[in-house]
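# Reading the structure
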Amino acid sequence: MTTSLNNSGSLSTDGFVTPVPWGLPQPTEPIETHQVYRIAVAISVMGGVTVFCVLWRLWYRLRNKIFGLDDYSLVLAVLLYISWTTLGVHVNIHGGVGKPLWEITMREYSIWFKGIVCISLMYPVMTTATRVSILLFYLRMFETPVKSRYNAWSITIYHLLAAQFVYLVTFMILPVFISNPLHKAWTDPAHRTDWVDDIYYYKTQLALHTSSLIFDAILICLPIWKVSRLHMPIRRRIGVGLLLVLGGCAGLAAAIKLALFISEMSRFEDPASAGAEWPKYYMSSQVPPQFDQYGLTFWIPSQVEPSIALIGASIPNIRQSIVDTWKSCFPGKRQSLPTDEELEREDELLFDRIAAANSRRCEGQGRPATAPNNPDKTDLGGIKFTYTRYQTTHHIESSESIISEEVRNGMSGIELTPYPYTGTICTTKTVISSTPRTKRGSRSSTCL
């Protein structure tokens, strides 16, 4: 699209002369005096670092043949992120972002407004793909020893995945009604207010960013809740928790962007806030004055948010890749699997702890504790125990994230269910199934 200024002071767009009812027209040729490149450079640097981290994670997962559903979702997210970054650089360089509003040509405004429509449609898809990847990662990481697709954790994740689908559909439809018809939002910038409803756009963006902030807050709280229940030292729990919540920390950038968006809308009806010269131009009636800071108040926060989410989702695997490389370069003493004698000693200690816990429970219920009546210690206080040995996993040749080892070892521990229900007691080395001798019709539960 080309724009020129005729002798009568009218705007000419693609040969169509639009009379200027009042004020000064925009320039016909780009003015490079105040061209701003720092926003485009910042977007490019963040995009390059983020893509590098994601590719590192995907390479590690493929090399170890552990590519999962969360990785496929991340592939979609990073492809959209690359498109988003490319669009951001293009709009900031060729759309006049950062220049005084009265130095921007009609062609540059057209590029700018087209970019706004594109990012309104791209943002929900990109953020949904990123959150789905993080949720699937949580689902895989916190698998319980007893496989069940209907436990509280998996049900919570499935509900959040369904909520992401609703979020995606809703905010893919709403931007279509920003302008009627939609293409007029960028093909006729001289009459933009005749086609575009800025108040509607403001409300939909407010709802979009608020919803994103709520979902990001949930992504932060979910692993904190699970990690707090792990049986591991507090310092290790803090370390694991920090690694797991990095992907959800994009909510901090979303909160800042939402605050800036609300603050800038307060200038909507004050054209002079963009500069004393701006009210003299006709386009001050078509372009919101807060656009003079659009690069800093929109593009930078909008680039930081997905960058943090994608880098945070990649950090656990990057960390494990570095650990594996370090061990291969500087091999030390390899960890050995426990011997049968060590496992038997742990079984003895475990049984003694169970006996003590059962004795305390019986005393609290006002009934005597029954001592074991057989030498092989498979009967205790009215509860019949069956020992089932399984191979412990120490990840000597690690093919999964080290977080997986720490979380799964932390999820193991002794936790008895209330008598007389059946239950499962999990240790790192042994699984003991307990079944009451009496009380038929008792329900099953998992001690985790």
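All of these numbers come straight from a predicted model, not from anything done at the bench.

## A look at the environment of Leu 213
Among the secondary structure elements, Leu 213 is positioned in helix H7 (residues 198-227). For the pair Leu 213 and Ile 256, spaced 43 residues apart in sequence, the C-alpha separation works out to 9.8 Å. What Leu 213 contacts, discounting residues up to four positions off in sequence, is Gly 251, Ala 254, Ala 255 and Leu 258.

## Comments concerning a nonpolar patch on the surface
A contiguous nonpolar patch, built from Phe 165, Val 166, Val 169, Ile 173, Val 176 and Phe 177 and spanning about 560 Å² of accessible area, is present on the exposed surface. Structurally, Ile 173 can be placed in helix H4 (residues 152-173). Residue class for Ile 173 comes out partly exposed when judged on its relative accessible area of 44%.

## Considerations on the packing of aromatic side chains
Summed over all chains, the structure comprises 17 aromatic pairs. Measuring from ring centre to ring centre gives 5.5 Å for Trp 112 and Tyr 294, while their planes differ by 55°; the resulting arrangement is tilted. Linking Trp 112 in helix H3 (residues 106-141) with Tyr 294 in helix H10 (residues 294-329), this pair joins segments that are 182 residues apart in sequence. When the centroid spacing of 5.2 Å and the interplanar angle of 55° are considered together, the rings of Tyr 167 and Phe 171 count as tilted. Taken as a pair, Tyr 167 and Phe 171 lie in helix H4 at a separation of 4 residues, close to a single helical turn. The class of Phe 171 is buried, set by a relative accessible area of 9%.

## Some details on unusual backbone geometry
Cis rather than trans, the peptide bond between Asn 180 and Pro 181 has omega equal to -5°. You can see Pro 181 is positioned in the loop between H4 and helix H5 (184-187). You will see that Lys 65, though not glycine, has its phi angle at about 55°, which is positive. Tracing the backbone shows Lys 65 in the loop between helix H1 (38-63) and helix H2 (69-94).

## Quick look at empty space enclosed by the protein
To find the voids left in a structure, one rolls a probe of water-molecule size over its atoms. Under the counting rule described, the total for this entry stands at 7 cavities of 30 Å³ or more. Secondary-structure elements contributing two or more residues to the lining of the largest cavity are H7, helix H9 (250-265) and H10. Residues belonging to the lining of the largest cavity are distributed by class as follows: 10 nonpolar, 4 polar and 4 charged.

## Focus on the packing of H2 against H3
Running from amino to carboxyl end, H2 crosses H3 at an angle of 160°, the nearest separation of the two axes being 8 Å. If you check the angle between H2 and H3, you find them roughly antiparallel. For the element pair H2 and H3, the recorded crossing hand is left-handed. For the contact of H2 with H3, the residue count by class is 21 nonpolar, 7 polar and 3 charged.

## Description of the confidence of the model for the protein
Of all residues in the protein, 69% attain a pLDDT of 70 or more, and the chain-wide mean is 75. Counting contacts from residues 1-17, a segment whose pLDDT is below 50, to residues more than four positions away or on other chains yields 39 contacts. Every residue in residues 371-448 is under pLDDT 50, and counting partners more than four places away or in other chains gives 190 contacts.

## Focus: the nonpolar core
Taken as a class, soluble globular proteins show a tendency for nonpolar side chains to be buried jointly. Ranked by internal contacts, the top residues of the largest apolar core, which has 51 residues, are Leu 101, Tyr 109, Trp 112, Trp 278, Phe 291, Tyr 294 and Trp 299. Element by element, the count of residues in this core is highest for H3, at 11 residues. Tyr 138, Phe 142, Leu 230 and Leu 244 belong to the second largest nonpolar core, which has 17 residues in total.

## Here's the deal with the side chain of Gln 26
Its location among the elements puts Gln 26 in the loop between strand S3 (16-18) and H1. A distance of 3.1 Å separates a polar atom in the side chain of Gln 26 from the backbone oxygen of Leu 101. A distance of 2.7 Å separates the side chain of Gln 26 from the backbone oxygen of Ile 104, its partner in a polar contact.

## Notes on H1
For H1, built from 26 residues, the straight-helix expectation of 38 Å at 1.5 Å per residue is met to within 8% by its first-to-last C-alpha distance of 37 Å. Ile 39, Ala 40, Ile 43, Gly 47, Thr 50, Val 51, Cys 53, Val 54, Arg 57, Leu 58, Tyr 60 and Arg 61 are the residues of H1 that are buried. Here the buried face of H1 lies against H2, H3 and H10. Lys 65 sits one or two residues past H1 and shows a positive phi near 55°.

Cut-offs applied
Residues numbered from 1 in each chain as written. Predicted model: local features only at pLDDT ≥ 70, side-chain atom pairs only at ≥ 80, totals over all residues. Heavy atoms only, no water. Helix = DSSP H or I, 4+ residues; strand = E, 2+ residues; numbered from the N terminus. Contact = heavy atoms within 4.5 Å. Patch = residues over 30% accessible without salt bridge, like charges linked within 9 Å, V, L, I, M, F, W, Y side chains within 5 Å. Areas by Shrake-Rupley, 256 points an atom, 1.4 Å probe, with all protein chains shown as cover. Salt bridge = Lys/Arg side-chain N within 4 Å of Asp/Glu carboxyl O. Buried < 20%, exposed > 50% of the residue type's maximum accessible area, 1.4 Å probe, protein only. Phe/Tyr/Trp six-rings, centres within 6.5 Å; stacked < 30°, edge-to-face > 60°. 1 Å grid on protein atoms, 1.4 Å probe; cavity = no way out; pocket = protein on both sides within 12 Å on 5 of 7 lines; lining within 4 Å. Points joined across faces, edges and corners; volume = space filled by probe spheres on them. Nonpolar A, V, L, I, M, F, W, Y, C, P; charged D, E, K, R; others polar. Axes fitted to C-alpha atoms, helices over the stretch in contact; angles between N-to-C directions. Parallel < 35°, antiparallel > 145°, perpendicular 65-115°, else oblique. Left-handed = near helix turned anticlockwise from the far one by under 90°. pLDDT = per-residue confidence, 0-100. Core = buried A, V, L, I, M, F, W, Y, C linked by side-chain atoms within 4.5 Å. Polar contact = N/O pair within 3.5 Å; in protein donor to acceptor, adjacent residues only side chain to side chain. Expected span 1.5 Å × (residues − 1).

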